[in-house]
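# An overview of the molecular structure
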Amino acid sequence: MNAPFKAAGLREPFNAFVCDDDTLELIRAAANDMGWPIEKCNKGGLRNAVQSLSVSASPNILFVDMSESGDPINDINALAEVCEPGTVVIAAGQVNDVRLYRDLLSSGIQDYLLKPLSLDQVRESLTMAQAMLSAPKHSDMADDKPHHMMAVVGVRGGVGASLVSTSLAWAMSEQADRQTALLDLDIHFGTGALTLDLEPGRGLIDAIDNPSRIDGLFIERAMVRASDKLSLLSAEAPIHQPVMTDGSAFFQLEEELRNAFEMTIVDIPRHVLIPFPHLVSEVGTIVLVSDVTLASARDTIRILSWFKQNVPGARVILVANKFQNAIGELSRKEFESSIERQIDVVIPFDPKLVSQSAKLGKSYAEICKGTKASQVWNQLMRFILDGADSEAEEASAPAAKGKSGASLLGKLSGIGGIMAKKGAK
Ligand SMILES: Nc1ncnc2c1ncn2[C@@H]1O[C@H](COP(=O)(O)OP(=O)(O)OP(=O)(O)O)[C@@H](O)[C@H]1O
Ligand SMILES: [Mg+2]
């Protein structure tokens, strides 16, 4: 129905406006069976419904008796003017005319019941209306974003890959409004849970011990919730226990996260990539984190070349973290010319806000909110989401080409230039 929303507040589950005592009695019995208050069943018919709804919030389900209506379609249109969107309307009347029935349905009525009514018939119609209300709305489904998986890898230890992972996890869930999973594959020393002030739980260890148990239900139970939109899977395995896995648990987890979330961020220590290169075979975006040092320049070159060989279709976004102008080991220019590509995003060395984030148990990006430092996260998110959207468009295009790096990268706006350079190598 068409009226604007009135006062916020909970809607009544059910209102009825009927014309005669028999129908009132029957509707009250049906409402009672459905567990709804019977006081909301009134006498007065369609006209009364219009009057009443013009001054009060609309219910979830509305039953209107049209027996006294001289011009049903006109009266239903008047009802639509005062009835808020989302209300399911069931009408009843004495006119047995298929054209009227069709016209009423096309005016937005859910069902038209011919009088005299039977209790079963009314109950069935109310149950259908209830089912309509609990079914996922089309607009909710249209809102579903296609899943995007990204990996965050540090070129060397301590460069800030986990800080980037937790920050992106927060930003993707809170600012980009994506249902996000963070999978921290640093089984012994991971800091994902610690950073977000959570207990890691046993989920990841259980998954490694019993990969065959990993399914949708397992994911639901094992993930630790940081918020409505962000869940985490991580571990603090005892350091005397080596991780015994052939990697199948990790692949299986990635698969299930793909089904359950809109965005998966996998924090992958680079040494885990060596035995399990397939961990990144399905990722759309790789965020490669480096600092601007000589050793990192060497390893950035090696890892970029490894990605080019192993995951040619993935976009690689190069992030330089802990950047300090003037006093750094290398200048940005020296670093870029040594690795023969440009840095995409620079995160300055920021001990003040980083230590504040540690003290408060929040991600660095969350602490940056409202400060100039937040621009970096907006920029990084834009890179990732632009790429994810182009990938989704490409996948849904009828003549979608294969997942070729060149064609996909060519479509990216903003980073096209940088990426083209990289592709040329
Ligand atoms: N931009 C920054 N400014 C200041 N300190 C930072 C910055 N980025 C990261 N750090 C600090 O550097 C340390 C290492 O960061 P982090 O744990 O994220 O790195 P990592 O690459 O995941 O390390 P590991 O190799 O152990 O997984 C942490 O203490 C973190 O708070
Ligand atoms: Mg780490």
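Here, every reference points to the structure presented above.
Cut-offs used in this document
Residues numbered from 1 in each chain as written. Chains lettered and ligands numbered in written order. Predicted model: local features only at pLDDT ≥ 70, side-chain atom pairs only at ≥ 80, totals over all residues. Helix = DSSP H or I, 4+ residues; strand = E, 2+ residues; numbered from the N terminus. Buried ≥ 20, exposed ≤ 12 C-beta atoms within 10 Å, placed from the backbone. Contact = placed C-beta atoms within 7 Å. Pairing = 2+ DSSP bridges. Axes fitted to C-alpha atoms, helices over the stretch in contact; angles between N-to-C directions. Near = placed C-beta within 6 Å. Nonpolar A, V, L, I, M, F, W, Y, C, P; charged D, E, K, R; others polar. Core = buried A, V, L, I, M, F, W, Y, C linked by C-beta atoms within 7 Å. Right-handed = clockwise from strand over helix to strand, strands pointing away. Left-handed = near helix turned anticlockwise from the far one by under 90°. Parallel < 35°, antiparallel > 145°, perpendicular 65-115°, else oblique.

### Focus on the overall build of the protein chain
For the protein chain, the count of helices and strands is 19 helices and 13 strands. When each of the 425 residues of the protein chain is scored for burial, the buried share is 40%. Taking contacts inside the protein chain between residues at least 6 apart in sequence as the whole, the part at least 24 apart equals 74%.

### Regarding the sheet that holds strand β12 (residues 315-323)
Taken in spatial order, the eight strands line up as β8-β9-β7-β10-β6-β11-β12-β13 in an open sheet, and their pairing is mixed. The sheet is open, and its two edges are formed by β8 (224-225) and β13 (345-348), each paired on a single side. Here strand β7 (residues 180-184) runs beside strand β10 (residues 263-267); their pairing, made up of five bridges, is parallel. Note that in β10 the partner of Ala181 across the bridge is Thr264. Packing against the sheet, helix α7 (residues 161-174) makes contact with β6 (148-154), β7, β9 (230-233), β10, β11 (285-290) and β12, and its axis sits at approximately 170° to β10. Running over the sheet, helix α17 (residues 374-396) touches β6, β11, β12 and β13 and is turned about 155° from β13.

### Describing helix α15 (residues 351-360)
In terms of residue burial, α15 counts as a barely covered element, since only one of its 10 residues are buried. Taken from the residues just after α15, Gly361 is the one with a positive phi, measuring 65°.

### Looking at the site of ligand 1
Lining the immediate surroundings of ligand 1 are 18 residues, of which Gly154, Gly157, Gly160, Ser162 and Leu163 lie closest. Elements that contribute at least two residues to the shell around ligand 1 include exactly α7, β12 and α15. Ranked by residue count, the leading element in the shell around ligand 1 is α7, at three residues. Split by residue class, the shell around ligand 1 holds eight nonpolar, seven polar and three charged.

### Some thoughts on the environment of Thr127
Along the chain, Thr127 falls in helix α5 (residues 119-134). The partly exposed category is assigned to Thr127, around which 13 C-beta atoms lie within 10 Å.

### Some points on the nonpolar core
Among the nonpolar cores identified, the biggest contains 78 residues, and Ile286, Leu288, Val289 and Val319 are the most heavily contacted of them. Among all residues touching Leu288, those that are not within four sequence positions of it are Val153, Val155, Thr300, Ile303, Val316, Leu318 and Val319. Of all hydrophobic cores here, the second largest spans 34 residues; its members include Leu26, Ala30, Leu53 and Val122.

### Side note on the pairing of β9
Each regular strand carries side chains that alternate between the two faces of the sheet. Judged by which residues are buried, β9 turns out to be covered on both faces: Leu230 and Leu232 on one side and Ser231 and Leu233 on the other are all buried. The pairing of β7 with β9 spans four bridges and is parallel. Paired with Ala181 across the strands is Ser231, a residue of β9. Here β8 runs beside β9; their pairing, made up of two bridges, is antiparallel.

### Digging into the pairing of strand β3 (residues 61-65)
Most of β3 sits out of view: five of its five residues are buried. The sheet contact formed by β3 and strand β4 (residues 88-93) spans five bridges and is parallel. Paired with Asp65 across the bridge in β4 is Ala92. Note on the crossover from β3 through helix α3 (residues 72-82) to β4: the handedness is right-handed.

### Let's talk about the packing of helix α13 (residues 294-310) against helix α14 (residues 332-339)
Helix packing geometry: the angle between the two helix axes and the distance between the axes. Interaxial distance between α13 and α14 falls to 9 Å at its minimum, and their mutual angle equals 35°. Here the hand of the crossing between α13 and α14 comes out right-handed. Contacts from Ala297, Thr300 and Ile301 of α13 reach α14 at Phe335, Ser338 and Ile339. Grouping the constituent residues of the contact of α13 with α14 by class yields four nonpolar, two polar and no charged.

### Some thoughts on the environment of Asn74
Inspection of the secondary structure puts Asn74 in helix α3. Asn74 sits 33 residues away from Ser107 along the chain, and the two C-alpha atoms are 9.9 Å apart.

### Notes on the packing of helix α2 (residues 45-55) against α3
For the pair α2 and α3, the least separation of the axes is 9 Å and the interaxial angle reads 15°. One way to sum up the angle between α2 and α3 is to call them roughly parallel. As α2 packs across α3, the resulting crossing turns out to be left-handed. Listed contacts from α3 to Leu46, Ala49, Val50, Leu53 and Ser54 of α2 are Asp75, Ala78, Leu79 and Val82. Each residue belonging to the contact of α2 with α3 can be placed in one class, and the counts come to seven nonpolar, one polar and one charged.

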